Amino acid sequence: MSSIPFLDLSRQTARLRSEILSALERVIDDNAFSSGPYVEGFEKAFAEYLGVPHVVAVNSGTSALHLIMRALDIGPGDEVIIPSWTFIATAWAPMYVGARPVFADVDPRTWQIAPEDVERKITRRTKAIIGVHIYGQTFDLDRLEQIARDRGIYLVEDAAQSHGALYRGRKTGTFGVVNAFSFYPTKNLGSMGEGGAVATFDEELAYRIRILRNHASPRRYEHVELGYNMRMTGFQGAVLSVKLKYLDEWNARRREIARMYREGIRNPLVEFQKEYPDSAGVYHIFAVRVRDGMRDRLKDYLAERGIGTGIYYPIPVHLQKPFREMGWKAGDLPETERLSKEILALPMFPELTDEEVNRVIDAVNGFGR
Ligand SMILES: Cc1ncc(COP(=O)(O)O)c(C=O)c1O
């Protein structure tokens with residue numbers, strides 16, 4: 001029996017190959033390699049898709065988060081509250097500008113940043129909260145918006161994993177004051193290289209980020225502050241404009257696969273991520289929680305049957321070396337640390353066939369019996 005990959009991008013590429021090649025040819029013919037009309041075209045299309053007036057495309061999600069910190073004037077002496085249950089880039093953002101990341105624990109059912117722990121960790125120095133819509137499900141936007149408003153701090157969304165996810169009918173990445181997306185190739189909307197974007201309703205923040213990404217240069221050879229080269233390339237703008245047209249269709253298929261997993265998997269050792277009411281996640285990752293210390297056994301069991309899985313994340317961010325050196329230690333975030341030992345991600349990408357999904361379901365159901 002053929003194996004079932006955890007992720008196979010080549011199936012998507014095969015379908016879009018000729019459309020993408022002609023888009024790339026246009027970039028070449030127009031010599032529009034860095035920024036330019038294909039990047040602007042994508043910015044406009046993605047802004048319309050999200051329902052925000054401003055999208056600024058950059059060269060990665062990490063850069064988007066970094067520029068957000070700069071645009072909000074966060075710096076030394078400031079604290080930024082983030083989940084530890086995320087990809088490392090969320091935590092680099094405050095570090096890049098000399099601020100201190102303060103890690104909040106997760107809710108054990110939703111695996112999202114826990115509002116109560118955020119409240120506990122707010123101090124006089126707290127400038128912002130970066131919430132992460134982990135695995136493409138939404139965090140508790142109502143509560144976190146409320147906390148941010150009451151305490152006079154910024155709410156930022158890291159929507160790197162949640163392109164197109166809805167909360168009360170509105171897209172994620174449109175709730176915070178200014179929000180980050182990643183277009184790393186494996187994301188729900190992926191470039192063919194590196195890419196990211198910032199989305200906001202705030203014209204001034206958008207302008208500042210637009211300037212900062214290009215050497216802080218409002219006019220040619222004039223530089224008004226410390227800037228960067230974080231521009232998106234023309235190729236990525238062109239590829240993303242092609243792929244954006246398919247995003248809703250792909251997300252619908254991800255939801256369908258998730259529904260099959262949720263309805264089909266019946267194994268007392270396995271739990272699912274709980275979603276917030278009135279939200280529609282986009283299953284960037286479909287992870288299950290495996291109890292009784294059986295996670296690695298299930299991983300091996302599935303591997304023996306040719307089924308690929310992933311662990312997001314084996315080491316929580318607060319226990320990575322740079323943060324241990326700042327005093328964070330095992331035991332600080334018990335729910336997060338438990339997840340890192342119990343989470344297993346199953347194959348999830350829109351091109352998975354029903355037959356493959358059913359084979360994964362049967363294999364998980366056969367485990368431990
Ligand atoms: C939650 C989260 N934040 C930030 C990033 C960083 O994005 P990039 O890899 O585009 O720099 C990623 C993904 O890589 C991510 O998953």
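Rules used throughout
- Residues numbered from 1 in each chain as written.
- Predicted model: local features only at pLDDT ≥ 70, side-chain atom pairs only at ≥ 80, totals over all residues.
- Heavy atoms only, no water.
- Near = heavy atom within 4 Å.
- Polar contact = N/O pair within 3.5 Å; in protein donor to acceptor, adjacent residues only side chain to side chain.
- Areas by Shrake-Rupley, 256 points an atom, 1.4 Å probe, with all protein chains shown as cover.
- Helix = DSSP H or I, 4+ residues; strand = E, 2+ residues; numbered from the N terminus.
- Nonpolar A, V, L, I, M, F, W, Y, C, P; charged D, E, K, R; others polar.
- Pairing = 2+ DSSP bridges.
- Expected span 1.5 Å × (residues − 1).
- Buried < 20%, exposed > 50% of the residue type's maximum accessible area, 1.4 Å probe, protein only.
- Axes fitted to C-alpha atoms, helices over the stretch in contact; angles between N-to-C directions.
- Core = buried A, V, L, I, M, F, W, Y, C linked by side-chain atoms within 4.5 Å.
- Domains from an automatic or database assignment.
- Contact = heavy atoms within 4.5 Å.
- Patch = residues over 30% accessible without salt bridge, like charges linked within 9 Å, V, L, I, M, F, W, Y side chains within 5 Å.
- Salt bridge = Lys/Arg side-chain N within 4 Å of Asp/Glu carboxyl O.
- pLDDT = per-residue confidence, 0-100.

Neighbouring the ligand are 15 residues; Gly61, Thr62, Asp158, Ser182 and Lys187 lie closest to it. The separation between an oxygen atom of the ligand and a polar side-chain atom of threonine 62 is 2.4 Å. For the ligand, whose accessible area on its own is 380 Å², the fraction buried by protein is 93%. Sorting the residues of the shell around the ligand by element identifies helix 3 (61-71) and helix 4 (89-96) as the ones contributing at least two each. With three residues, the top contributor of residues to the shell around the ligand is helix 3. Tallied by class, the residues present in the shell around the ligand amount to five nonpolar, eight polar and two charged.

Let us now look at the sheet that holds strand 6 (residues 166-167). Spatially, three strands are ordered 7-6-11 in an open sheet, and the strand pairing comes out antiparallel. Single-partner strands in this sheet number two, and they are strand 7 (170-171) and strand 11 (279-280). The pairing of strand 6 with strand 7 spans two bridges and is antiparallel. Paired with tyrosine 167 across the two strands is arginine 170, which belongs to strand 7.

Compared with the 20 Å implied by 1.5 Å per residue over 14 residues, the 20 Å span of helix 2 (residues 37-50) between its first and last C-alpha is a close match. Among all positions in helix 2, only Tyr38, Val39, Phe42, Glu43, Phe46, Ala47, Tyr49 and Leu50 are buried.

Note on sheets: strands pair through backbone hydrogen bonds, and any given pair is parallel or antiparallel. Sheet architecture is open: three strands sit in the order 10-12-13, paired in antiparallel fashion. The outermost strands of the open sheet, each flanked by one partner alone, are strand 10 (270-272) and strand 13 (343-346). Averaged over all pairs of adjacent strands, the angle between their axes in this sheet comes to 40°, without regard to strand direction. Strand direction decides the pairing type here: strand 12 (residues 286-290) and strand 13, joined by four bridges, are antiparallel.

So, about the nonpolar core. Residues Ile68, Val118 and Ile129 are the most contacted members of the largest nonpolar core, which totals 53 residues. Examining the composition of this core, we find that six residues originate from one element, helix 3, more than from any other. Looking at which domains feed residues into this core, each of domain 1 (9-244) and domain 2 (247-366) supplies at least three. Among all residues touching valine 118, those that are not within four sequence positions of it are Ile81, Ala104, Ile113, Ile129, Leu144 and Ile147. Of all hydrophobic cores here, the second largest spans 28 residues; its members include Tyr261, Leu302, Leu352 and Val360.

Our next topic: a nonpolar patch on the surface. A surface patch of nonpolar side chains, about 250 Å² in accessible area, is lined by Ile28, Phe33 and Phe235. Locating isoleucine 28 in the fold gives a position in helix 1 (residues 9-29). Given a relative accessible area of 42%, isoleucine 28 falls into the partly exposed group.

Here the chain averages 98 in pLDDT, and 100% of its residues register 70 or above. Confidence, expressed as mean pLDDT per element, reaches its minimum in the chain at strand 11 with 96 and its maximum at helix 3 with 99.

What follows covers unusual backbone geometry. The step from tyrosine 312 to tyrosine 313 runs through a cis peptide bond, and the omega angle for that step is 15°. Looking at the element boundaries, tyrosine 313 is found in the loop between helix 10 (295-304) and helix 11 (321-324). If you check the backbone angles, serine 35 has positive phi at about 50° while not being a glycine. Among the secondary structure elements, serine 35 is positioned in the loop between helix 1 and helix 2.

What follows concerns the side chain of histidine 133. Relative to the assigned elements, histidine 133 resides in the loop between strand 4 (126-132) and helix 6 (141-151). Residue classification places histidine 133 among the buried positions, given a relative accessible area of 0%. In contact with histidine 133, not counting residues within four places along its chain, are Gln112, Thr138, Phe139, Leu141, Glu157, Asp158, Ala159, Gln161, Ser162 and Thr172.

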